Amino acid sequence: MNMTIEQDDGLVATVDREAEAGRMDFYRRARGKNLAPLWRVLHGLVTEQPVPRCAPVLWRYSELRPYLMESCDLISTQEAERRVMVLENPGLPGQSRVTQSLYGGLQVLLPGETAPPHRHAASALRFIIEGTDAYTAVAGEKTMMEPGDFIITPSMAWHDHGNDGAAPVVWLDGLDMHIVNTLAASFRENYPAPTHPIERPEGAAMAEVGSNLAPLGQTYASQTSPIFNYPYRRTREAISAMASFRKPDPCHGFKMRYLNPLTGGWAIPTISTTMQLLPHGFETRGYRSTDSTVFVVVEGEGVSKIGELEFHWGPKDIFVVPSWMPVQHLASQDAFLFGYSDRVVQEKLDLFREEAL
Ligand code: GTQ
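Residues numbered from 1 in each chain as written. Predicted model: local features only at pLDDT ≥ 70, side-chain atom pairs only at ≥ 80, totals over all residues. Heavy atoms only, no water.

Structural notes on the overall build of the chain
Now for step 1: Within the chain, the secondary structure is distributed over 9 helices and 24 strands.
Now for step 2: Across its three principal directions, the C-alpha atoms of the chain cover 70 × 55 × 50 Å.
Now for step 3: Residue burial in the chain is summarised as follows: out of 357 residues, 48% are buried.
Now for step 4: Looking at the chain as shown, the accessible area adds up to about 18,000 Å², and 54% of this sits on carbon and sulfur atoms. (Helix = DSSP H or I, 4+ residues; strand = E, 2+ residues; numbered from the N terminus. Buried < 20%, exposed > 50% of the residue type's maximum accessible area, 1.4 Å probe, protein only. Areas by Shrake-Rupley, 256 points an atom, 1.4 Å probe, with all protein chains shown as cover.)

What follows is the structure, given as structure tokens:
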């Protein structure tokens, strides 16, 4: 008689129950030699379709914000190094994962605060939620933050943050450290001084490569876009203009990907980022894809059906669509949604799949 074996780690296989009893001594002796039978775990290892451990989840910003502010009373940025409340996917508690492969956290800086310079192998994105007059400095160049801006910290680039304004600044950090750690390729170091020198004027990167031009003779070794701030003002303008003369995609509305202008590839080598406009009244066709996606609402209101759940969202809310789960959005006002996912990694490995439903 066949039985299903469910192990602590959730792996599953189907084997014959009576025969299995006679194999236990063999399994025990094999374990002593660091050997294990594949047939007990095969179907859990090689699944018929994606089995996402992450769950669909919505964080309402109005419910999060008090916790961010309370954290400011409890710990300084110097003690914390980065004062961040991690968005923990309820399907993966205690793992600092917003999806199975990616990290998300909300970082807050009060007026006058700084976060010290450091660098790491993990790439980071910052997506600005609230506040102005804060900056991030990347490899010696500062950029100011405005809500809706998408900012990149490339792998191993020195970076620090500061708030020169009069109000708190909050941004979403998205990092690929779980991918880096899966590959056991992580490095990090603190800068050996309280501040990293400013070596280039603000706007230098945008001047060099932000106008479909590049300095002749300069070579770029990194796979990360040399543009490290994609201002919302420009992104919004481009998408709005596109919406005036194109038809919306049935599944995505007006959706654009952030490019590395030198290669035409994604802006970050490990994290795909997009911005989409869903015009008011627009309902997307059902869609699913193998990348689990984190969405941030920049403007507008609407509802997303994700599997069996329905999330009503508004500005600054954040929600997750797990791998291969059907999703449908309905915007009740013109809505701009930022998204980030591991799609680019899957594309590079020939794993990415998507379908309209
Ligand atoms: O700002 O460098 O949310 O290193 C997690 C790790 C932010 C950062 C995070 C980090 C940072």
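Now, onward.
Describing the site of the ligand
Now for step 1: Every residue near the ligand is listed here: Arg82, Val84, Tyr103, Gln107, His118, His120, Arg126, His159, His161, Asp173 and Leu175.
Now for step 2: Between aspartate 173 and the ligand, the recorded distance is 2.8 Å, taken from a side-chain N or O atom to an oxygen atom.
Now for step 3: Across the complex, the protein chains shield 89% of the 290 Å² of accessible surface that the ligand would expose by itself.
Now for step 4: When residues of the shell around the ligand are traced back to their parent elements, those giving at least two are β5 (103-109), β6 (114-120), β11 (159-163) and β12 (169-175). (Near = heavy atom within 4 Å. Polar contact = N/O pair within 3.5 Å; in protein donor to acceptor, adjacent residues only side chain to side chain.)

Observations regarding the packing of aromatic side chains
Note on aromatic pairs: each is described by the distance of the centres and the angle between the planes.
Now for step 1: Across all of its chains, the model carries 12 aromatic pairs by this definition.
Now for step 2: Taken together, a centroid distance of 4.9 Å and an interplanar angle of 80° make the contact between tryptophan 158 and tyrosine 191 edge-to-face. Here the residue tryptophan 158 occupies a position in the loop between β10 (150-153) and β11, and tyrosine 191 occupies one in the loop between β13 (188-190) and α7 (204-209), the gap between them amounting to 33 residues.
Now for step 3: Counting every residue linked through ring pairs, the aromatic cluster contains Phe127, Phe150, Tyr230, Tyr258 and Phe338.
Now for step 4: Stacked on the ring of tyrosine 135, the Lys or Arg lysine 142 has its end atom at 4.0 Å from the ring centre.
Now for step 5: Its guanidinium or amino end placed over the ring of tryptophan 266, arginine 257 lies 5.3 Å from that ring's centre, counting from NZ or CZ. (Phe/Tyr/Trp six-rings, centres within 6.5 Å; stacked < 30°, edge-to-face > 60°. Lys NZ or Arg CZ within 6 Å of the ring centre and 35° of its normal.)

Some details on the environment of histidine 118
Now for step 1: Structurally, the position occupied by histidine 118 is in strand β6.
Now for step 2: According to the relative accessible area criterion, histidine 118 is buried, its value standing at 7%.
Now for step 3: Along the primary structure histidine 118 and asparagine 190 are separated by 72 residues, whereas in three dimensions their C-alpha atoms are 4.2 Å apart.
Now for step 4: Within the structure, the side chain of histidine 118 is placed 2.6 Å from the side chain of glutamate 81, a separation counted as a polar contact.
Now for step 5: At 3.1 Å, the side chain of histidine 118 forms a polar contact with the side chain of arginine 82.

Examining the sheet that holds β13
Now for step 1: Pairing is antiparallel across the open sheet formed by 5 strands, whose spatial order is β9-β8-β11-β6-β13. Strands with a single pairing partner mark the edges of an open sheet, and in this sheet they are β9 (141-145) and β13. Sheet twist, expressed as the average angle between the axes of neighbouring strands with direction ignored, equals 25°.
Now for step 2: In the sheet, strand β8 (residues 134-138) pairs with β11 via 5 bridges, with the strands oriented antiparallel. Opposite valine 138, over in β11, you have histidine 159 as the bridge partner. (Pairing = 2+ DSSP bridges. Axes fitted to C-alpha atoms, helices over the stretch in contact; angles between N-to-C directions.)

Observations regarding the pairing of strand β7 (residues 124-130)
Now for step 1: Among the 7 residues that make up β7, 7 are buried, leaving the element largely enclosed by the rest of the structure.
Now for step 2: Pairing analysis gives 4 bridges linking β7 to β10, with the strands arranged antiparallel. When the bridges of β10 are listed, arginine 126 appears paired with isoleucine 151.
Now for step 3: Two elements, β7 and β12, share 6 bridges in a ladder whose sense is antiparallel. For arginine 126, the partnering residue across the bridge sits in β12 and is aspartate 173.

Looking at a nonpolar patch on the surface
Now for step 1: On the surface, a nonpolar cluster with roughly 360 Å² of combined accessible area is contributed by Leu38, Leu42, Leu45 and Val46.
Now for step 2: Tracing the sequence through the fold places leucine 42 in helix α3 (residues 42-45). (Patch = residues over 30% accessible without salt bridge, like charges linked within 9 Å, V, L, I, M, F, W, Y side chains within 5 Å. Salt bridge = Lys/Arg side-chain N within 4 Å of Asp/Glu carboxyl O.)

A short note on the side chain of aspartate 176
Now for step 1: Looking at the element boundaries, aspartate 176 is found in the loop between β12 and α6 (177-182).
Now for step 2: Of the buried charged residues, aspartate 176 lacks a salt bridge, with lysine 348 as the closest side chain of opposite charge at 9.3 Å.
Now for step 3: A distance of 2.8 Å separates a polar atom in the side chain of aspartate 176 from the backbone nitrogen of serine 123.
Now for step 4: Excluding residues that lie within four positions of it along the chain, aspartate 176 makes contacts with Leu102, Ala122, Ser123, Thr270 and Ile271. (Lys, Arg positive; Asp, Glu negative; His and termini not counted. Contact = heavy atoms within 4.5 Å.)

A closer look at helix α4 (residues 61-74)
Now for step 1: The first and last C-alpha atoms of α4 sit 20 Å apart over 14 residues, in line with the 20 Å expected at 1.5 Å per residue.
Now for step 2: Three or more residues of α4 are buried, namely Tyr61, Leu64, Leu68, Met69, Ser71 and Cys72. Each buried residue of α4 lies within a common arc of 150° when the element is viewed along its axis, so the set occupies one face. Turned more than 90 degrees away from the buried face of α4, the exposed residues are Ser62, Glu63, Tyr67, Asp73 and Leu74.
Now for step 3: Against the buried residues of α4 lie β3 (57-59), β4 (84-86), β5, β7 and β12. (Expected span 1.5 Å × (residues − 1). Arc of directions from axis to C-beta.)

Nothing here speaks to function; it is geometry throughout.
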